[in-house]
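Fold and geometry: a report
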Amino acid sequence: MNILFIMYDQLRFDYLSCAGHPHLHTPNFDRVAAMGLQFSQCYVQSPICGASRMSYYTGRYTSSHGAQWNGFPLRVGEVTLGDHLRKLGMHSWLIGKTHMKVDADGMARLGLAADSIIGARQAECGFDAWIRDDGLWGQGPEGFYDAKRSPYNEYLKSKGYDGENPWSDYANSGIDADGDMASGWMFKNADKPANIREEDSETPWLTSETIRFIDQAEGDWLAHVSYIKPHWPYIVPAPYHDMYGPQHVLPAKRADREREEPHPVYGTFLSNKIAAAFQQDAVREKVIPAYMGLIKQADDQLGRLLDHLDETGRMKDTMIVLCSDHGDYLGDHWLGEKDLFHEASVKVPMIIYDPRSKADSTRGTTCDALVESIDLAATFIEAAGGEVPDHIVEGRSLMPWLEGRDTDWREYVVSEYDYSATPMCVALGVAPKDARLFMVFDGRWKLIHAEGGFRPMLFDLKTDPDEFDDLAKGAAHSTEIARLYDMLADWGRRCNQRVTRSDADIVASRGGSAKKGILPFMVDGKEVPQEWTEKYRGPARQNYTKKPQ
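So, here's what we can say about the structure.

Conventions adopted
Residues numbered from 1 in each chain as written. Predicted model: local features only at pLDDT ≥ 70, side-chain atom pairs only at ≥ 80, totals over all residues. Heavy atoms only, no water. Axes fitted to C-alpha atoms, helices over the stretch in contact; angles between N-to-C directions. Helix = DSSP H or I, 4+ residues; strand = E, 2+ residues; numbered from the N terminus. Parallel < 35°, antiparallel > 145°, perpendicular 65-115°, else oblique. Contact = heavy atoms within 4.5 Å. Nonpolar A, V, L, I, M, F, W, Y, C, P; charged D, E, K, R; others polar. Pairing = 2+ DSSP bridges. Salt bridge = Lys/Arg side-chain N within 4 Å of Asp/Glu carboxyl O. Buried < 20%, exposed > 50% of the residue type's maximum accessible area, 1.4 Å probe, protein only.

1. Looking at the packing of helix α1 (residues 27-35) against helix α12 (residues 281-312)
Two numbers describe how α1 lies on α12: the axes approach to 7 Å, and their chain directions differ by 50°. By the angle class used here, α1 and α12 are oblique. Contacts between α1 and α12 involve P27, N28, F29, R31 and V32 on the former and, on the latter, K296, D299, D300, L302, G303, L306, D307 and D310. Of the residues that constitute the contact of α1 with α12, the class distribution is five nonpolar, two polar and six charged.

2. Structural notes on the pairing of strand β3 (residues 91-96)
Here six bridges tie β3 to strand β10 (residues 221-227), and the two strands are oriented parallel to one another. Across the sheet, I95 pairs through a bridge with V225, a residue of β10. Here β3 pairs with strand β4 (residues 128-132) via four bridges, running parallel. Paired with G96 across the two strands is R132, which belongs to β4.

3. A closer look at the pattern of salt bridges
Tallied over the full model, the rule gives 43 salt bridges. Here K446 ties to E343 by a salt bridge, and the two come within 2.7 Å at their closest N and O atoms. Placement of the pair is K446 in strand β18 (residues 445-450) and E343 in helix α13 (residues 343-346), with a sequence separation of 103 residues. E343 carries the same exposure label as K446, and that label is buried. Among the salt bridges present, the one from D375 reaches R410, with a minimum N-O distance of 2.8 Å. With D375 in helix α14 (residues 375-383) and R410 in the loop between α15 (399-402) and β16 (413-418), this pair connects stretches of sequence that are 35 residues apart. Residue D375 is classed as buried on the basis of its relative accessible area, which comes to 0%. You can call R410 buried: its relative accessible area is 11%. Each of D9, R53, K97 and D325 takes part in salt bridges that share partners, so that together they form one network.

4. Details of unusual backbone geometry
A negative phi angle characterises most non-glycine residues, just as the trans form characterises most peptide bonds. Here the residue pair W232 and P233 is connected by a cis peptide bond, since its omega of 0° sits within 30 degrees of zero. Mapping P233 onto the fold places it in the loop between β10 and β11 (236-237). Cis rather than trans, the peptide bond between A238 and P239 has omega equal to 5°. If you trace the backbone, P239 turns up in the loop between β11 and α10 (264-270). Its identity is not glycine, yet E261 carries a phi of approximately 50°, on the positive side. Examined against the element boundaries, E261 turns out to sit in the loop between β11 and α10. For E261, a relative accessible area of 69% corresponds to the exposed category. The phi angle at W334 is positive, at roughly 65°, despite the residue not being glycine. Along the chain, W334 turns up in the loop between β12 (318-324) and α13.

Right under this line is the structure:
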């Protein structure tokens, strides 16, 4: 069996028609949901691109793998999905974005050459790269944001788009009334069509690369198809730029009382420039239709990919997974972007189609279990015929849910956020080591713990599904806060660094040294089986204890 592991960057869980969006129709996402199982409560392990992705790729929480912010290297030697699957005879390929930062110091310390097979895999989260493009090719007075060569830019140049950075000049720019570039970096331009042929824009390009990969692939493979959109810049080519308008923009989920005596961390995020922009209705009315257009284009390209699988007969032997690295506030809770732990940010879509007959009983259904993004690594290992190494992979396989089997499942999910690299850390005056947040959610109650001496935050999603009321402002819910802190403490005591020995290894090794003759602390030898002391019994062959005559 093969696996298409498809990730969309910054796709909200509720911006799909199969998740209930009233205006945005996504028939191809719905098509996969009808063929497979839709998970309604999937949470990422960090609401920031790089950290979330490293958790997907390792199957481990961010405090376990350590790459807790964009640009924080994933340390050399961290076992990844590719490492697990290669042991099972399945190749793992990257097509698109990872947001991976290589641990260059670690590679140098160990003498790993970047152009070696192992070095290249260390630099690509354990994948073999079919094509990698992280998608933000910004350029300023100090040069490019990303110094690597952009395969997408090279593609655009081959198609006749001129200039050093056609990603910026065409794919993410429109044209204003004076004939000048209207950059997608500016929200005022979000309603303009990107100045690019639709078939040459980022999402169709990556779909073409995926089809090209599938058509030549041999053996068992996993392909991580990682789309750059609907992540900002929020601009999309025609005809998607005007498919939606202000009339399709849902009211922002926000309340004035959220800003009354806010938690210090939340209050600081409320004051940043991203929030200030999305607090303006005029911004939302331009950005959200473009965001919806990007999703509609992604859905159409998913349809193109699904049709190709059908036409080539690959649908019957290819597992398909649709997910996202985090959501997008879009003005909800007076915020923009992601970062914090409201549902719009930390909850993501998760849809899995398994072509095998064992999954027939759950097709077209929804699972409401509490799922974590790290569960995918465990799922892929089991789907490939392996046993999940739970001393390394902290997620749990979703195969029981896919196959309709009973399973003992988790009571809560956890997400973490390290904001030490942000201006909010500076504004709060906290040390980098204290700029950390933890979320624990049991399906109803959501607790957010903030290091640095701050009080917690608490939301009851049963009585307050929009998360407007921070119940930790008072003392009325101390019992629930204590109970959730017990869960967080339980999670914090997990065994997460003993990755070189499994429990089975430890059990199997018990008594091993004794059977090899290491027998300390015996009184007369009768404490162990006689055969263990056989080498230490019998006549002495030579006697050196007597004095020479």
